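So the chains spell out like this:
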Amino acid sequence: MSTDVHAPCAGVAAGTAFLSGPGPVVDFGPGAVARIPAHLAALSARRVLVVTDPGLRAAGVVDAVVGPLAASGAVVEVFDAVRGNPTVAVVEQGAEHARALGLDAVLALGGGSSLDAAKGIALLAPSPGARADGSGVTPAAGLPLVAVPTTAGTGAETNGFGVLEDPANRQKVYCGDASVVPRVALLDPELTLGLPASATAATGVDALVHGIESLASRGRDPMSEAFAAEAVRRAWVWLPVAVADGSDPRARAEMLVAAHLAGQALTRSGLGLVHGLAHALSLHTGAVHGPALAAVLPEVVAWSLDADPAGWGRAAEAAGLRGPAALPDALGGLLEQVDTRVSVADLGAAPDDREALARTALADPVSRNAPRHPASVAELVELLARC
Ligand SMILES: [Zn+2]
């Protein structure tokens, strides 16, 4: 795409070619979880694997979903071994489990980690020779998937690709396929009411960054811009409210919609260097995704401003700011407001780690859509020193 620097808020020229594929059916509303059995029945799913994490099981959320599903006559198995930053190993383990039990559908219930793992599990389950890192045989079509996010963050319910960790090779791998795009994205804001403030902030920052990086992505098109601008507009206003009062139903609903819109945007546009560096931080220090983004966000945006004033201008406009130059400070202020202003040192990265972080970030395909690419590893090391 080309960018007209003389029209800072004009967006992509409408003549730019784009193709927008089918996404999930979206079922949004307070209490929407009650419709899960009907959605699975419509997919002829009789034997369902619920992919989730132990925290949601302990909190009773899994039982609340499984109960009505079992009562509807479906056989339900729960796989709750997913942790944050899911690995290729956990996906292969879940797929083996689904295969051994002869299951015919997957219900993803949880945050981005569970949703990402579930996509890999749904894809690999029918294909014993396929591997989560892409080695092995090419997988056949995956099992039908219904995705139910319990955080307002990743927007992982919008697409068929999961981000997994491959610890042996210290890299992120992208595991997925069009066949595991969720058939239904079920968005029930009541599921997010119990999320503590810190997790609300960490996941909400992810949604906000998806919108912002999408607007400045080299891969953007008019549809991604529309989704991303609306995501930023809502998240900018409602994230601080949701963090300050987690029981505010309007704030929870607005953030769940914002996260979904941001997911729709990134699925079309790709992201950028904020995500590339955050992935590297997670791989090297075990940092949680949201704080890892927060640690580099204002500095990466400031460093990239001149490369794409139009894209950053759209982001600033959606945030209600006067122009792109105001964006880095305003982002720092918002992070402060939701108590997520951290440095890479706070997350456990020492000065000696910067070169390895830079190399990992540059090797991550997510960095390619960034408006500005570092000319060298040394330039990225210098940028990290300011984060
Ligand atoms: Zn993200």
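Residues numbered from 1 in each chain as written. Predicted model: local features only at pLDDT ≥ 70, side-chain atom pairs only at ≥ 80, totals over all residues. Heavy atoms only, no water.

1. A closer look at the UniProt feature "domain: Fe-containing alcohol dehydrogenase-like C-terminal" (unreviewed entry) in the protein
Right, on to step 1. Feature annotation in UniProt assigns "domain: Fe-containing alcohol dehydrogenase-like C-terminal" (unreviewed entry) to the following positions: residues 200-385.
Right, on to step 2. The annotated region residues 200-385 carries 69% helix and 0% strand content, and the separation between its end C-alpha atoms amounts to 28 Å. (UniProt positions renumbered as here; feature names shortened; annotations may be inferred. Helix = DSSP H or I, 4+ residues; strand = E, 2+ residues; numbered from the N terminus.)

2. Some remarks on the pattern of salt bridges
Right, on to step 1. All chains considered together, the criterion is met by 15 salt bridges.
Right, on to step 2. Put simply, Arg 35 and Asp 27 hold a salt bridge, and the shortest N to O gap is 2.7 Å.
Right, on to step 3. Take Arg 35: its relative accessible area is 36%, and that puts it in the partly exposed class.
Right, on to step 4. A salt bridge links Arg 220 to Glu 225; its shortest N-O distance comes to 3.4 Å.
Right, on to step 5. Residue Glu 225 is classed as buried on the basis of its relative accessible area of 4%.
Right, on to step 6. Residues joined in a network through salt bridges with shared partners are Glu 230, Arg 233, Arg 234, Arg 250 and Glu 254. (Salt bridge = Lys/Arg side-chain N within 4 Å of Asp/Glu carboxyl O. Buried < 20%, exposed > 50% of the residue type's maximum accessible area, 1.4 Å probe, protein only.)

3. A few points about helix α4 (residues 88-101)
Right, on to step 1. With 14 residues, α4 should reach 20 Å at 1.5 Å per residue; the first-to-last C-alpha distance of 20 Å fits that figure.
Right, on to step 2. Listing the buried residues of α4 in full gives Val 88, Val 90, Val 91, Glu 92, Gly 94, Ala 95 and Ala 98.
Right, on to step 3. Contact partners of the buried residues in α4: β2 (47-51), β3 (75-79), α5 (112-124), β6 (161-166) and β7 (171-176).
Right, on to step 4. Where α4 terminates, the next one or two residues include Gly 102, which has phi positive at roughly 65 degrees. (Expected span 1.5 Å × (residues − 1). Contact = heavy atoms within 4.5 Å.)

4. Observations regarding the coordination of the zinc ion
Right, on to step 1. In this structure, Asp 206 (OD), His 210 (NE2), His 275 (NE2) and His 289 (NE2) serve as the protein donors to the zinc ion, at separations of 2.1 to 2.2 Å.
Right, on to step 2. For the zinc ion, the four donor atoms in the first shell make angles of 83 to 169 degrees at the metal, a pattern classed as irregular.
Right, on to step 3. Taken in chain order, the donor set of the zinc ion reads D-x3-H-x64-H-x13-H. Note that His 275 is positioned in helix α9 (residues 273-285) and His 289 in helix α10 (residues 289-304), a separation of 14 residues in sequence. Like His 275, the residue His 289 is buried in the burial classification. (Donors = N, O, S within 2.8 Å, 3.2 Å for Na, K, Ca; no water. Tetrahedral: all angles 85-135°; square planar, octahedral: opposite > 155°, others 65-115°.)

5. Remarks on the confidence of the model for the protein
Right, on to step 1. Per-residue confidence for the protein gives a mean pLDDT of 94, with 96% of residues at or over 70.
Right, on to step 2. Below a pLDDT of 50 lies the segment residues 1-9, which in the model reaches 17 contacts outside its immediate sequence neighbourhood of four places, other chains included. (pLDDT = per-residue confidence, 0-100.)

6. Details of unusual backbone geometry
Right, on to step 1. In this structure, Asn 85 is a non-glycine residue whose phi angle is positive, near 50 degrees.
Right, on to step 2. When you line up the elements, Asn 85 lands in the loop between β3 and α4.
Right, on to step 3. The phi dihedral of Arg 170 falls on the positive side, at around 45 degrees, and the residue is not glycine.
Right, on to step 4. Relative to the helices and strands, Arg 170 resides in the loop between β6 and β7.
Right, on to step 5. Look at Arg 170 and you get partly exposed, because its relative accessible area is 46%.

7. Structural notes on the domain arrangement of the protein
Right, on to step 1. Domain annotation for the protein reports domain 1 (25-192) and domain 2 (197-385).
Right, on to step 2. A C-alpha centroid distance of 25 Å is found between domain 1 and domain 2.
Right, on to step 3. In terms of surface lost to domain 2, no three residues of domain 1 exceed Ala 152, Thr 158 and Arg 170, which account for 27% of the buried area on that side.
Right, on to step 4. On the surface where domain 1 and domain 2 come into contact, there are zero salt bridges.
Right, on to step 5. Connecting domain 1 to domain 2 are nine residue pairs in polar contact (both at pLDDT 80 or more).
Right, on to step 6. Elements supplying a minimum of two residues to the side of domain 1 that touches domain 2: β1 (25-28), β6, β7 and β8 (184-187).
Right, on to step 7. Broken down by element, the residue count for the side of domain 1 that touches domain 2 peaks at three residues, all from β7. (Domains from an automatic or database assignment. Buried area = accessible area lost by both parts, 1.4 Å probe. Polar contact = N/O pair within 3.5 Å; in protein donor to acceptor, adjacent residues only side chain to side chain.)

8. A word on the UniProt feature "domain: Alcohol dehydrogenase iron-type/glycerol dehydrogenase GldA" (unreviewed entry) in the protein
Right, on to step 1. Taken from the UniProt record, the annotation "domain: Alcohol dehydrogenase iron-type/glycerol dehydrogenase GldA" (unreviewed entry) applies to residues 28-189.
Right, on to step 2. Structurally, residues 28-189 comprises 31% helix and 23% strand, and the distance from its first C-alpha atom to its last is 8 Å.

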